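Analysis of the macromolecular model
Take a look at the letters that make up each chain.
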Amino acid sequence: MPFFLSEEIITMATGLKVYFCGSIRAGRGDVEIYGRIVEMLGKYGTVLTPFVADPNLTVHSAEEGKAKTDKEIYDRDMSLLEECHAIVAEVTQPSLGVGFELGRGVAMNKKILCLYRPQPEKRLSAMVRGAEKDGFFTTKDYKEEDLPAIFDDFFQNFLRRDRKDSLDWKSYEPM
């Protein structure tokens, strides 16, 4: 059973805020891996959207997290996207909502990591794979055992180098 904190925000000392995206209304077949991803992401900062990994949330649920209407869901998610430092999206299950969130994240200049598990009968959308932009948007094909290394690379080498509150070791001069 995956680790899941219903409605709680997973917080670590880094101060980073991570928006996790995964399919909800387009299908919940990957919810267990979402739970494991959310647990791993908690190592790096605050996961603003742990409810995406809630196994009780189904495609027919009337509520998503505490939001009860489509408008409340949209408003909450747009606010959380504005607040986050990085977006991590599991994109194996095609989802209009996840695609919309990624597009908004690009427009907001957020750091984005998309995760895709290659499957013989499916290809990742060219609109996701083709959006690759060094320093802002990256897509990784993965197996679950690869995730710790992928996250370490993204958060240590890709994201932190651009944070204003992170020490720049290249220009650091001791006193």
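Residues numbered from 1 in each chain as written. Predicted model: local features only at pLDDT ≥ 70, side-chain atom pairs only at ≥ 80, totals over all residues. Heavy atoms only, no water.

What counts here: UniProt positions are given in the numbering used here, feature names are shortened, and annotations may be inferred rather than shown by experiment.
Under an unreviewed UniProt entry, the name given to the chain is Putative 2'-deoxynucleoside 5'-phosphate N-hydrolase 1, and the organism recorded is Penaeus vannamei. The annotation that UniProt attaches to the chain under Sequence similarities (unreviewed entry) is "Belongs to the 2'-deoxynucleoside 5'-phosphate N-hydrolase 1 family." Quoted verbatim from the Subunit (unreviewed entry) heading of the UniProt record, the comment on the chain is "Monomer and homodimer."

**So, the sheet that holds strand 1 (residues 17–21)**
Counted only if it meets this: Strand pairing follows a simple DSSP-based rule, namely that at least 2 bridges must link the two strands. Strands here are runs of E lasting at least two residues and helices are runs of H or I lasting at least four, both read from the DSSP assignment and numbered beginning at the N terminus. We call two residues in contact when some of their heavy atoms are within 4.5 Å. Lines fitted to C-alpha atoms define the axes here, with helix axes fitted over just the stretch in contact, and angles between the N-to-C directions of these axes take values from 0 to 180 degrees.
If you trace the five strands from one edge of the open sheet to the other, you get 2-1-3-4-5, paired in parallel fashion. Each end of this open sheet is capped by a strand with a single partner; those strands are strand 2 (46–47) and strand 5 (137–141). Inspection of the sheet shows strand 3 (residues 86–90) paired to strand 4 (residues 111–116) by five bridges, in the parallel sense. What sits directly across from Ala86, in strand 4, is Lys111. Lying on the sheet, helix 1 (residues 31–41) is in contact with strand 1, strand 2, strand 3 and strand 4; it crosses strand 1 at an angle near 170°. Docked against the sheet, helix 3 (residues 96–107) engages strand 1, strand 3, strand 4 and strand 5, running at close to 155° with respect to strand 3.

**Digging into the environment of Asn109**
Among the secondary structure elements, Asn109 is positioned in the loop between helix 3 and strand 4. Along the sequence, Asn109 and Phe137 sit 28 residues apart, while their C-alpha atoms lie 9.2 Å from each other.

**Describing the side chain of Arg117**
Condition: N or O atoms within 3.5 Å of each other form a polar contact, as long as, within protein, one can give a hydrogen and the other can take it, and as long as residues adjacent in sequence are counted only when both atoms are side-chain atoms.
Looking at the secondary structure, you find Arg117 in the loop between strand 4 and helix 4 (126–129). Reaching out from Arg117, the side chain makes a polar contact with the side chain of Tyr142 at a distance of 3.3 Å. In this structure, Arg117 is in contact with Asp30, Ile33, Glu90, Thr92 and Tyr142, ignoring residues within four places of it in sequence.

**Re the pairing of strand 3**
Definition in use: Buried, partly exposed and exposed residues are distinguished by accessible area as a fraction of the type maximum, computed with a 1.4 Å probe on protein chains only: under 20%, between the cut-offs, and over 50%, respectively.
Summarising burial for strand 3: five of the five residues are buried, a large majority. The pairing of strand 1 with strand 3 spans four bridges and is classified as parallel. By the bridge assignment, Phe20 is partnered in strand 3 with Val88.

**Re the packing of aromatic side chains**
Heads up, the condition is: Stacked, edge-to-face and tilted labels apply to pairs of Phe, Tyr and Trp rings (six-membered ring for Trp) whose centres lie within 6.5 Å, assigned for plane angles under 30 degrees, over 60, and everything in between, in that order.
Under the definition given, this model contains six aromatic pairs. Aromatic pair Tyr74 and Phe100: ring centres 6.3 Å apart, planes at 50°, arrangement tilted. Of this pair, Tyr74 sits in helix 2 (residues 70–83) while Phe100 sits in helix 3; the two residues are 26 residues apart in sequence, bridging distant segments of the chain. Residue Phe100 is classed as partly exposed on the basis of its relative accessible area, which comes to 41%.

**Regarding the state of the cysteines**
In plain terms, the rule: Two cysteine sulfurs form what is called a disulfide whenever their separation falls within 2.5 Å.
Scanning the entire structure with this criterion turns up zero disulfides. Unpaired in terms of disulfides, Cys84 finds its nearest cysteine sulfur in Cys21, a separation of 8.3 Å. The buried category is assigned to Cys84, whose relative accessible area is 3%. No disulfide involves Cys114; its sulfur sits 7.8 Å from the nearest other cysteine sulfur, which is in Cys21. Judged by relative accessible area, which is 0%, Cys114 ranks as buried.

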